[in-house]
Amino acid sequence: MNAQKVLEDLKRRFPNEPEYHQAVEEVLFTIEEEYNKHPEFDRVNLIERLCIPDRIYTFRVTWMDDNGKIQTNTGYRVQHNNVIGPYKGGIRFHSSVNLGILKFLAFEQTFKNSLTTLPMGGAKGGSDFSPRGKSSAEVMRFCQSFMLELARNIGPDTDVPAGDIGVGGREVGYMFGMYKKLTREFSGVLTGKGIEFGGSLIRPEATGYGNVYFLQEMLKTKGDSVEGKTVLISGSGNVAQYTAEKVLQLGGKVLTMSDSDGYIYDPDGIDRAKLDYIMELKNIYRGRIREYVDVYPTAKYVAGQKPWGEKADIALPSATQNEISEEAAQTLVQNGVIAVSEGANMPSTPGAIRVFQQAKILYAPGKAANAGGVSVSGLEMSQNSERLSWTAEEVDNRLHAIMENIHANCVRYGTESDGYVNYVKGANVAGFMKVAKAMMAQGVV
Ligand code: NDP
Ligand code: 2IT
């Protein structure tokens, strides 16, 4: 294949989907060399069949708000590839959601899920509905209406959704309830379920913990550790909270957290008690991060900015895509950052990735570093299938082992001649090869 030509062709056929183009471009150029060692791939046009989703569902979601007004949103499910297992991936509810964003996420998910070593294909779904400012009753009615349509296209052996931005335990619970009502079956159809009805211990923690386990592995290659390091975290949702928790457990100092309005910087560090406050603020009261400085006045709140201008040893972006610009990456490097590990999906722009790699710092892309979340989703599916629940220790140990294994695979496929580990290349090639072999074995379908 000629990566440039494939990319141009996809851009022409699917215009106005910049995030999808960005995700595909990164993969194409890093796997091109390996791909071309296998002429049998091109004979069956494997690359196009891998880049274009198997199918996409789009539907109108109609719901009634608390004032009795009828609202409409658009719902989607992108089923990208299921050669190594049922379609699997989260659901995002955010006002910015569109088809291009969900196509990028489903594409990335396919490689990520391959890296986990568990039998899961790639998918993503969501809606331009934003739970922000909505009552719980409105969120419930929306989730039920969304599931009325989605239920036809998913199932425990077909497609298993989970959470993502704007979708946590509450939303998964409401969607599960409606799915169960419609199908009259109690099945492991969604992951991230409540512990009382088939959810896995450690699933809420898994993405954040997994990212820090991956970070530990990267630091180990330099004989270093998290202990004593200062850390910038963006976001204050599920991934950010449990990233902070694990950093604290390992003796690191968390300086920042954020939301879409701005960030807080606490020079004394966000300790356990302060993190408990943030968890309560965000998860129970659904408040804003700026409220932190009312309770901890030695901290500052910076409105409308991201935390990357602050000086620290490590950056763990955990909010959303393209949240680290090339300029922000330059500032991080100038300020002496030694490692960037992505909890979010595609948080670094292509320019930022170039800056990190040219500076030869430790840089891990989301599809490797944040794979812990979907890994424990895979373990939730296994527990549902055997109708048993494993202990937190058992799940955490497996998560740890999976993250170590993903790291080892990145090193195996991504080490360059000077010894620098290109984790982007390593993750893409390792993830791709497994999917490609399975596609070859299953014929042209
Ligand atoms: P949450 O909804 O729990 O939290 C998202 C956080 O990011 C919030 O603090 C939110 O702020 C902020 N945020 C969202 N959108 C934007 C935006 N456009 N600009 C600035 N800040 C924004 O989501 P998660 O923690 O689950 O997800 C965070 C990231 O991690 C996403 O990229 C997701 O795809 C990725 N991820 C999640 C996994 C999971 O298991 N949940 C697994 C792997 C990756 P606000 O409150 O203002 O909206
Ligand atoms: O991006 C992701 O990996 C997720 N949002 C988690 C997907 C899942 O199925 O647990």
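Preceding block: the structure.
Description of the structure in this document. In this text the structure is predicted, and so the values were computed from the model without any measurement. Residue positions are given per chain, counting from 1 as you read along its sequence in written order. Key to labels: chains lettered from A, ligands numbered from 1, both in the order written. Totals for whole chains, interfaces and linings use all residues, but because this is a predicted model, local features are given only for residues with pLDDT of at least 70 and pairs of side-chain atoms are given and counted only at 80 or more. Note: side-chain values were computed over all heavy atoms of the structure, leaving out hydrogens and water.

1. Comments concerning the sheet that holds strand 6 (residues 230-233)
Inference 1: Judged by pairing direction, the sheet is mixed, and its seven strands sit side by side in the order 9-8-7-6-10-11-12 without closing on themselves. On the outer flanks of this sheet lie strand 9 (300-303) and strand 12 (362-364), each paired with one strand and no other. In this sheet, adjacent strand axes meet at a mean angle of 15° when their direction is disregarded.
Inference 2: Where strand 8 (residues 262-265) and strand 9 come together, four bridges link them in antiparallel fashion. When DSSP finds two or more bridges between a pair of strands, those strands are recorded as paired. Put simply, DSSP H or I for four residues or longer makes a helix, DSSP E for two residues or longer makes a strand, and each gets a number counted from the N terminus. Whenever a helix is involved, its axis is fitted only over the stretch in contact; in every case the axis is a line through C-alpha atoms, and angles between N-to-C directions fall within 0 to 180 degrees.

2. Some details on the site of ligand 1
Inference 1: What makes a residue near a molecule or strand is one non-hydrogen atom of that residue sitting within 4 Å of it. Near ligand 1, the surroundings consist of 26 residues, among which Asp164, Thr207, Ser260, Arg288 and Asn345 are the closest.
Inference 2: Interatomic distance of 2.8 Å between a side-chain N/O atom of Thr207 and an oxygen atom of ligand 1.
Inference 3: For accessible areas, the Shrake-Rupley method is used with a probe of radius 1.4 Å. Any residue's cover is judged against the shown protein chains and nothing else. Look at ligand 1: alone it shows 880 Å² of surface, and the protein chains cover 84% of it.
Inference 4: Contributions of two or more residues to the shell around ligand 1 are made by helix 8 (203-220), helix 9 (238-249) and strand 7 (253-259). Throughout this description, a polar contact denotes any pair of N or O atoms lying within 3.5 Å of each other; where both atoms belong to protein, one of them has to be capable of donating a hydrogen while the other can accept it, and for residues adjacent in sequence the pair is counted only when both atoms sit in side chains.

3. A look at the site of ligand 2
Inference 1: Neighbouring ligand 2 are 14 residues; Lys88, Lys112, Asp164, Arg203 and Ser377 lie closest to it.
Inference 2: Gln109 is positioned with one of its side-chain polar atoms (N or O) 3.0 Å from an oxygen atom of ligand 2.
Inference 3: Contact between ligand 2 and Gly163: a nitrogen atom at 3.1 Å from a main-chain N or O atom of the residue.
Inference 4: A total of 300 Å² of accessible area belongs to ligand 2 in isolation, and the protein chains cover 95% of it.
Inference 5: Broken down by secondary-structure element, the contributors of at least two residues to the shell around ligand 2 are strand 3 (87-93), helix 5 (99-115) and helix 15 (372-386).
Inference 6: Ten residues, namely Ala, Val, Leu, Ile, Met, Phe, Trp, Tyr, Cys and Pro, are considered nonpolar, four, namely Asp, Glu, Lys and Arg, are considered charged, and the remaining ones, Gly among them, are considered polar. Considered class by class, the residues forming the shell around ligand 2 number two nonpolar, seven polar and five charged.

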